Amino acid sequence: MSGRLPARRTDGVGKSIWVEFTQLAADYKAVNLGQGFPDFSPPKFIQEAFCKAVSGGPIMHQYTRAFGHPPLVKSLAKFFSRVVGHEIDPLEDVLVTVGAYQALFCAFQALVDEGDEVIIIEPFFDCYQPMVRMAGGKAVYVPLRPKIEGSAVLSSGDWVLSAEELASKFTPQTKAIVINTPNNPLGKVYKTEELQMIADLCIKHDVLCISDEVYEWLTYDGAKHVKIASLPGMWERTITVGSAGKTFSATGWKVGWAISSGHIIKLLRAMHQMSVFDCATAAQEAVAQGFEREYELFGTPESYFQQLPAMLHHKRKKLASCLESVGLQPIMPEGGYFMIADISSVKVDFKDQSSEAEPYDFRFVKWLIKEKGLATIPVSVFYSPEHSKEFDKYIRFCFVKEDSTLDAAEDVLRRFSQ
């Protein structure tokens, strides 16, 4: 073509950190604690539900309702009505999507217009910014920062928002704020009072809240996940994004959802209808059965929502102990799949001159993959350019792995620390 080929909205959107570092890990056959997925199977009951769905006759292999398989939207509405304290209409207030990723894409496309400002709390999952940009919006950043009161920062709970800084970012152009709790990569679980501060600002400025809650069942050490949509005045302005992949340890099924007031979901549906249109029927049927089971067992020791965080609690402790033993300083996550660690005490002689211009944590992660055989993710990628330099001495580990994978990672770390 003689004219411009790419649409301008795609400028700066092409490069993916996940593609780059996943390929690097594969090339060097590294132990992979970089990517956020379990390397163990989903629970038997959800596997059996999927097998039953696939064997359930012709209807399970054909299109289902475009905005969500009827059994699934009914299960989600019944389950989350109890959690949110609001009666959710399954056919009006729920949209099933191809993973939480597509729910986020539909939200930004449906709600953000040219020139709108969207406040993103850092660190943030790296798709938020390009999705805002592609919708024509402008991302405005507010970082969580570690509060240091005479001692080392040991917990994700020690990373806090400045109420004054956050309030200063709201302008007449602000359309939405994006929060992620439990947070990826930090593991912070927002306390009720922190969410109330955000809610008060949303209500005061008539702003929407996009709340990414894919790790909602994964909380540790007594931390409690609170849905911002459950706070007074927030149901009608919050889009809550969830994930069956994270809920049932089946990330490859790619079943997610958005839950909100019907007048908002109606807008997201239009985006879904003109892009993906429908989601896999059998996977939705299996997830529906999983939620029916969890509805009956909720709060009991038999509930997977109790069993999974209990199992991950031990894996989290195992990784933290290993990192401490080799001189790294882990930030203990209150929730989620990930743990970040401070690498500033580790002295490394980088031999790769080609990465000289890159941030320190990028160079460290590449060195760790190429020279030592362990894959992690640099934390500065979860920050805006204006703040990334403040946080380039941290790397992210995923601990939602088999013990054998964590043991292999421990062997690598012990060898390089000797």
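Throughout what follows, the structure given in this document is the object of discussion. Every value quoted in this text rests on a predicted model; they were computed, and no experiment measured them.

Criteria and thresholds
Residues numbered from 1 in each chain as written. Predicted model: local features only at pLDDT ≥ 70, side-chain atom pairs only at ≥ 80, totals over all residues. Heavy atoms only, no water. Helix = DSSP H or I, 4+ residues; strand = E, 2+ residues; numbered from the N terminus. Rg over C-alpha atoms; globule rule 2.2 N^0.38 Å. Buried < 20%, exposed > 50% of the residue type's maximum accessible area, 1.4 Å probe, protein only. Contact = heavy atoms within 4.5 Å. Areas by Shrake-Rupley, 256 points an atom, 1.4 Å probe, with all protein chains shown as cover. Core = buried A, V, L, I, M, F, W, Y, C linked by side-chain atoms within 4.5 Å. Disulfide = S-S within 2.5 Å. Pairing = 2+ DSSP bridges. Axes fitted to C-alpha atoms, helices over the stretch in contact; angles between N-to-C directions. Parallel < 35°, antiparallel > 145°, perpendicular 65-115°, else oblique. Nonpolar A, V, L, I, M, F, W, Y, C, P; charged D, E, K, R; others polar. Expected span 1.5 Å × (residues − 1). Arc of directions from axis to C-beta. Polar contact = N/O pair within 3.5 Å; in protein donor to acceptor, adjacent residues only side chain to side chain. Salt bridge = Lys/Arg side-chain N within 4 Å of Asp/Glu carboxyl O.

1. Side note on the overall build of the chain
Thought 1: Summing up its helical and strand segments, the chain has 13 helices and 15 strands in all.
Thought 2: Its C-alpha atoms give the chain a radius of gyration of 21 Å, within 12% of the compact-globule value 22 Å for 418 residues.
Thought 3: Structurally, the chain occupies a C-alpha span of about 60 × 55 × 50 Å along its principal axes.
Thought 4: In the chain, buried positions account for 57% of the 418 residues.
Thought 5: Within the chain, contacts between residues at least 6 apart in sequence are counted, and of these 72% link residues at least 24 apart.
Thought 6: Summed over all atoms, the accessible surface of the chain reaches about 17800 Å², with 53% contributed by carbon and sulfur.

2. Here's the deal with the nonpolar core
Thought 1: With 143 residues, the main nonpolar core has Ile177 and Ile198 as its most contacted residues.
Thought 2: Looking at which element gives the most residues to this core, the answer is helix H11 (residues 304-325), with eight residues.

3. Remarks on the state of the cysteines
Thought 1: Taken as a whole and assessed by the stated rule, the structure comprises zero disulfides.
Thought 2: Unpaired in terms of disulfides, Cys398 finds its nearest cysteine sulfur in Cys322, a separation of 15 Å.

4. Digging into the pairing of strand S12 (residues 338-342)
Thought 1: Buried residues dominate S12, accounting for five of its five residues.
Thought 2: Covered by surrounding structure in S12 are Phe338, Ile340 and Asp342 together with Met339 and Ala341, the residues of both alternating faces.
Thought 3: Bridge count between strand S11 (residues 329-331) and S12: three bridges; the pairing is antiparallel. In the sheet register, Pro330 faces S12, and the bridge partner there is Ala341.
Thought 4: The turn linking S11 back onto S12 is made up of six residues, and Gly336 within it adopts a positive phi angle of 90°.
Thought 5: Bridge count for S12 against strand S15 (residues 394-398) is five bridges, and the pairing is antiparallel. Its bridge partner lying in S15, Asp342 is registered against Tyr394.

5. Some points on the environment of Arg293
Thought 1: Inspection of the secondary structure assignment puts Arg293 in helix H10 (residues 281-297).
Thought 2: You can call Arg293 partly exposed: its relative accessible area is 26%.
Thought 3: Sequence-wise, Arg293 and Ile46 are 247 residues apart; in three dimensions their C-alpha atoms are separated by 9.5 Å.
Thought 4: Apart from the residues lying within four places of it in its own chain, the contact partners of Arg293 are Phe45, Glu302, Ser303 and Tyr304.

6. Side note on the packing of helix H4 (residues 99-111) against helix H9 (residues 262-273)
Thought 1: Here H4 crosses H9 at 105°, and the two axes come no closer than 8 Å. Classified by the angle their axes make, H4 and H9 are roughly perpendicular. Residues Gln102, Ala103, Cys106, Ala107, Gln109, Ala110 and Leu111 of H4 lie in contact with H9, whose contacting residues are Ile264, Leu267, Leu268, Met271 and His272.
Thought 2: Of the residues assigned to the contact of H4 with H9, the class counts are nine nonpolar, three polar and no charged.

7. Remarks on the sheet that holds strand S7 (residues 174-180)
Thought 1: Strand order across the open sheet formed by seven strands is S2-S10-S9-S8-S7-S3-S4, with mixed pairing between neighbours. Taken across any chain shown, the strands that pair with only one partner, and hence form the sheet edges, are strand S2 (94-97) and strand S4 (138-143). The mean inter-strand angle of the sheet, taken between neighbouring strand axes irrespective of direction, is 20°.
Thought 2: In the sheet, strand S3 (residues 117-122) pairs with S4 via six bridges, with the strands oriented parallel. Pairing of Ile121 across the sheet is with Val142, part of S4.
Thought 3: Of the strands in this sheet, S2 and strand S10 (256-259) are in contact with helix H3 (residues 70-84), which crosses S2 at around 125°.

8. Examining H9
Thought 1: Here H9 contains 12 residues, and its C-alpha end-to-end distance of 16 Å stays within 8% of the 16 Å for a straight helix at 1.5 Å per residue.
Thought 2: Of the positions making up H9, those classed as buried are Gly262, Ile264, Ile265, Leu268, Arg269 and His272. With its buried residues spanning 145° around the axis, H9 presents them on a single face. Opposite the buried face of H9, by more than 90 degrees, sit the exposed residues His263 and Lys266.
Thought 3: Those residues of H9 that are buried lie in contact with S2, H4, strand S8 (208-212), strand S9 (238-243) and S10.

9. Topic: helix H12 (residues 360-372)
Thought 1: Taking 1.5 Å as the rise per residue, H12 with 13 residues should run 18 Å; its terminal C-alpha atoms sit 17 Å apart, in good agreement.
Thought 2: Count one or two residues on from H12 and you reach Gly373, which has phi positive near 85°.

10. Section: the sheet that holds S15
Thought 1: With antiparallel pairing, four strands are arranged side by side in an open sheet as S11-S12-S15-S14. Single-partner strands in this sheet number two, and they are S11 and strand S14 (377-378).
Thought 2: Running over the sheet, H12 touches S14 and S15 and is turned about 45° from S15.

11. Here we look at the side chain of Ser243
Thought 1: Mapping Ser243 onto the fold places it in strand S9.
Thought 2: In this structure the side chain of Ser243 is engaged in a polar contact, spanning 3.1 Å, whose partner is the backbone nitrogen of Gly245.

12. Digging into the pattern of salt bridges
Thought 1: As enumerated under the stated definition, the model contains 18 salt bridges in all.
Thought 2: In this structure, a network of salt bridges that share partners links the residues Glu20, Glu358 and Lys366.

13. Notes on the packing of helix H1 (residues 17-27) against H12
Thought 1: One can describe the packing of H1 onto H12 by two numbers: an axis separation of 9 Å at closest approach and a directional angle of 25°. One finds that H1 runs roughly parallel with respect to H12. On H12, the residues touching Ile17, Glu20, Phe21, Leu24 and Ala25 of H1 are Phe362, Val365, Lys366, Ile369 and Lys370.
Thought 2: Of the residues belonging to the contact of H1 with H12, the class tally is seven nonpolar, no polar and three charged.

Limitation: the analysis is restricted to geometry and does not speak to function.
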